[in-house]
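What follows is the residue order along each chain.
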Amino acid sequence: MSYLQTVPPHDIEAHLTEHDKKSVLRFITCGSVDDGKSTLIGRLLYDAKLIFEDQLANLGRIGGREIDLALLLDGLEAEREQRITIDVAYRYFATSKRKFVVADTPGHEEYTRNMVTGASTADLAVILIDSRQGILQQTRRHSYIASMLGIRHVVLAVNKLDLVDFRQSVFDEIAVDYMLFAKTLGFASIQPIPISARFGDNVISASKDTPWYTGPALLEYLETVQLDPLVEERPFRFPVQLAVRPNADFRGYAGQVASGRISVGDPVVVAKSGQRSSVKAIVTFDGSLAVAAEGEAVTLVLTDEVDASRGNMLAAPASRPFVADQLQAHVIWFGANPMLPGRSYILRTETDSVSATVTALKHQVNINSFAREAAKSLQMNEVGVCNISTQAPIAFDAYKDNRSTGNFILVDRATNATVGAGMIDFPLRRADNVHWQATDVNKGARAATKGQRPGVLWFTGLSGSGKSTIANALDRLLHARGKHTYVLDGDNVRHGLNRDLGFTEADRVENIRRVAEVAKLMADAGLIVLVSLISPFRDERRMARELMEEDEFIEIFVDTPLDECARRDPKGLYEKAFAGKIANFTGVSSPYERPESPELHLETVGHEPAALALKIEQFLDRRREGNEL
Amino acid sequence: MSHGNLQRLEAEAIHVLREVVATFSDPVMLYSIGKDSSVLLHLATKAFYPAKPPFPFLHVDTKWKFREMIEFRDRIAREVGFDLLVHVNQDGIDQGIGPFTHGSNVHTHLMKTIALRQALEKYGFDAALAGARRDEEKSRAKERIFSMRNAQHGWDPKYQRPEMWKTYNARVGPGETMRVFPLSNWTEFDIWQYIRRENIPIVPLYFAARRPVVRRGGVLIMVDDDRMPVQPGEEITERLVRFRTLGCYPLTGAIESNAATVPDILRKMLTVRTSERQSRLIDLDEAGAMEKRKREGYF
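Everything numeric here is computed off the predicted structure, so don't read it as measured data.

Residues and elements named next belong to chain B. Domain boundaries assigned for chain B yield domain 1 (3-199 + 288-296) and domain 2 (204-283). Computed over C-alpha atoms, the centres of domain 1 and domain 2 are 23 Å apart. A buried area of about 2900 Å², summed over both sides, lies between domain 1 and domain 2, and 65% of it is on carbon and sulfur atoms. If you look at where domain 1 meets domain 2, you find 2 salt bridges. Measuring nitrogen to oxygen at the nearest pair gives 3.8 Å for the salt bridge that ties Asp224 to Arg67. Put simply, the parts of the chain that give the side of domain 1 that touches domain 2 at least two residues each are helix H3 (67-81), helix H5 (99-123), helix H6 (188-198) and helix H9 (289-296). When its residues are assigned to classes, the side of domain 1 that touches domain 2 shows 10 nonpolar, 6 polar and 13 charged.

Here it is, written out as structure tokens:
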């Protein structure tokens, strides 16, 4: 507790009531490394006599001659050793005018996640600038993040002014630069203050060294800055935390009002199902309430039996939240592994948790210029705009309208680490995105878990040329090496998938189209697919090739002369064909168009099927080495 | 917020308590009998009303707590009717571990840290709620509300999960557990104001009374039982004292005070110039002592 009062008040009750009613300002200090963030908070607390004597004595033991005020905040051993701030420290103090929660956040880019932690709940950011350095990349980054997270007010603390002889020109120049750069960030107010955190200039009182500055000292400004008033008219939102059912007679929904207010008798709608009901009672331990407003933790009893379990939301029927499984959001990435479109994460809102995939990274935001740049992935500490698809619909608002119901985090499935934070922009209409879903974005991840590169090996050749025999031999080889494979055999698919097709040219084309589509799905699932199909026409083989990704389709021409095939005649078909008993038989009564440039050309005469399978395997190995997988 | 600060803090804590129940399969609340635990117990009663708190309460007993604490514990458990588990590190008892014979570090490590780890493993709890506050100590000021512990119960302060808004990542892997601190954002002053507002019963040791004490190393130690060795030159005197925090009696310093009621204490706090943990001997042993213990699995 840090609470300054020189004389104990006589009327403690009145004093406490007044103290309890003070407004709270939550602020962060941010900016680049060594700009003096921790020192400034230390100085503020020290000069305002808000530091306990034993805490001060401890500093003396650790610091040198001058008290190192940063050590008041840097509570971790590693921080004191390295003389840097690693994680956010929270301090609580009050003056006669206001209560404060300050989050001292780290300046290193490496610890951006901890800066975001502090910023997510703050009303105001004190952005420090070293007056010798001016605006640095981290100044821009932290300003952008603060704005993105919904912080509306900024104090630009131009620090270390003692090191530039308290020159007004230095201060003015930095203030102008910052105003110019920040004008696109949409802050409601920016207050530049010239300070020296080390010596206390303009921290709690006006400095005699800056006679040219007539504005408020930092503490005075923090005590009086007008915060955005609570918007009472915001629509009612109540994310359900859990259903409370102590006995058969009571069923209530426990949660904290995220926005708006609710009265007994008010109509509500269950966001995800659209079921309507109204509020029968607002239950608390301290008695039932007539009204509950934003921030209150209550239990709502409804007049009807509805299904509103955890993760659902009760809302005002006239102004409902979005319910969708596709949305666009700004995402800041914390994971050591990059964010990849197509990979599956757990998306957690305040009370909901679903599987989610980033279907598209629309662009990345350049932290320096705020320009949109194309990107394939987001690296740690990068910000991007993403389309996200969830396995089940979630209820939400736009972050700009509601910080509580418009946020989410992304959790890595394997490590459970919090790898990203999201601020929802808007829902996406389903039709716009079915197409995204259907593309092959998931393939890489699936293939990676199988440790292989997916592909479609398309064996073409006359009936009896040896396609299935070779494919089978290759399948055994790959399987023995732990590869995930599947053989789509022309004869076999005609027993099921293509049982309705005959041997007319149209049916043969459809036969190939279907098999190619199935092969494509299997490759998308990460498999190595072996297709054994006469596929006599170049057009259909090309069609199949074009369905697949580049380099994924491997055409293998199993080249056996017609008379050799007829001699082998494993199924007795040539005999029937020559006797005119089978119409449209390839090579006899229907043409076979030889491949012009197959990836592999296998002449079977004089070679064992096993040797040919080995040859294909070697080809696949070379192909893998040529690429990265 | 149209309501006061206490209302806001209460709602925040209730939200956290409910999140824990909704997302963990076997949560427990650590009940240390002190004022913060008393507040947390009270909040748990509110959070699930009209249901009872859907988790048991665990007291890790070092067998060196003030006698009045144990009496209070048993009375409250009876009156409130909560499911109280008491765990003692029996190995430590068998070895005769105690603060006088083994020093505060060994005693605290074996009888609190190790004992807590034993209890969490014995019952298979995946989340442990506790009343620690960020304003108590500067390494605590760095800790998350949902704070991960690895399978060895250790805290890794350099790799804490980011924690944005009120959207908590409650997922833990096999063997990992979560410590959860619903009172993270409360100050000592908030706690006392809330105790006053809600009439929460607390151990009488917090209020001034004449008690037998010995001055040792500049700290007043209460002679709570005959295990306390009185050294040559030391004298047991009756003084008007109270305690700002409670723990093992040999490790907890009393302060001379005449504050006999909660409003008295609040009035004193307005002028107090030292932190509450100054009376905790275990924190004074070395710089970074708290962080070190937390890394080992202490709260």
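Moving on from the model shown.
In this section: the sheet that holds strand S8 (residues 219-222) of chain B. In sheet architecture, strand pairing relies on hydrogen bonds along the backbone and comes in two forms, parallel and antiparallel. All names here are of chain B. Around the barrel, which closes on itself, the 4 strands sit in the order S7-S8-S10-S9 with antiparallel pairing between neighbours. Between one strand axis and the next, the sheet turns by 70° as a mean value, whatever way the strands run. As paired elements, strand S7 (residues 209-216) and S8 share 4 bridges and run antiparallel to each other. Counterpart to Val214 in the pairing with S8 is Ile221.

So, on to the interface of chain B and chain A. Across the boundary between the two partners, chain B contributes 72 residues, which contact 91 residues of chain A. Both faces considered, chain B and chain A share a buried interface measuring about 7000 Å² in area, 54% of it formed by carbon and sulfur atoms. Our count for the chain B to chain A interface comes out at 8 salt bridges. For Lys99 of chain A, the salt bridge identified is with Asp190 of chain B, shortest N-O distance 3.3 Å. The interface formed by chain B and chain A includes 34 residue pairs in polar contact (both at pLDDT 80 or more). Elements with a contribution of two residues or more to the side of chain B that touches chain A: helix H1 (5-23), helix H2 (35-47), H6, helix H7 (262-269) and H9 of chain B. By residue number, the principal contributor to the side of chain B that touches chain A is H1 of chain B, which donates 12 residues. When its residues are assigned to classes, the side of chain B that touches chain A shows 26 nonpolar, 22 polar and 24 charged.

For the rest of this paragraph, the subject is the pairing of strand S5 (residues 153-159) of chain A. Residues and elements named next belong to chain A. Counting buried positions along S5 gives 7 out of 7 residues, so the element sits mostly inside the fold. Here S5 shows a buried face lined by His153, Val155, Ala157 and Asn159 and a second buried face lined by Val154, Leu156 and Val158. With 7 bridges joining them, strand S4 (residues 124-130) and S5 adopt parallel strand pairing. Residue Leu128 lies in a different strand from S5, and its bridge partner there is Ala157. Once you follow S4 into helix H6 (residues 137-148) and on to S5, the crossover reads as right-handed. Bridge analysis of S5 against strand S6 (residues 189-194) gives 6 bridges, and the strand direction is parallel. Among the inter-strand pairings, Val158 is bridged to a residue of S6, identified as Pro194. Following the chain from S5 across helix H7 (residues 168-182) to the adjacent parallel S6, one finds a crossover that is right-handed.

Here we take up the UniProt feature "active site" (unreviewed entry) in chain A. Annotation from UniProt places "active site" (unreviewed entry) at Ser535 of chain A. A relative accessible area of 2% means that Ser535 of chain A is categorised as buried.

Calculation criteria
- Residues numbered from 1 in each chain as written.
- Chains lettered and ligands numbered in written order.
- Predicted model: local features only at pLDDT ≥ 70, side-chain atom pairs only at ≥ 80, totals over all residues.
- Heavy atoms only, no water.
- Domains from an automatic or database assignment.
- Buried area = accessible area lost by both parts, 1.4 Å probe.
- Salt bridge = Lys/Arg side-chain N within 4 Å of Asp/Glu carboxyl O.
- Helix = DSSP H or I, 4+ residues; strand = E, 2+ residues; numbered from the N terminus.
- Nonpolar A, V, L, I, M, F, W, Y, C, P; charged D, E, K, R; others polar.
- Pairing = 2+ DSSP bridges.
- Axes fitted to C-alpha atoms, helices over the stretch in contact; angles between N-to-C directions.
- Contact = heavy atoms within 4.5 Å.
- Polar contact = N/O pair within 3.5 Å; in protein donor to acceptor, adjacent residues only side chain to side chain.
- Buried < 20%, exposed > 50% of the residue type's maximum accessible area, 1.4 Å probe, protein only.
- Right-handed = clockwise from strand over helix to strand, strands pointing away.
- UniProt positions renumbered as here; feature names shortened; annotations may be inferred.

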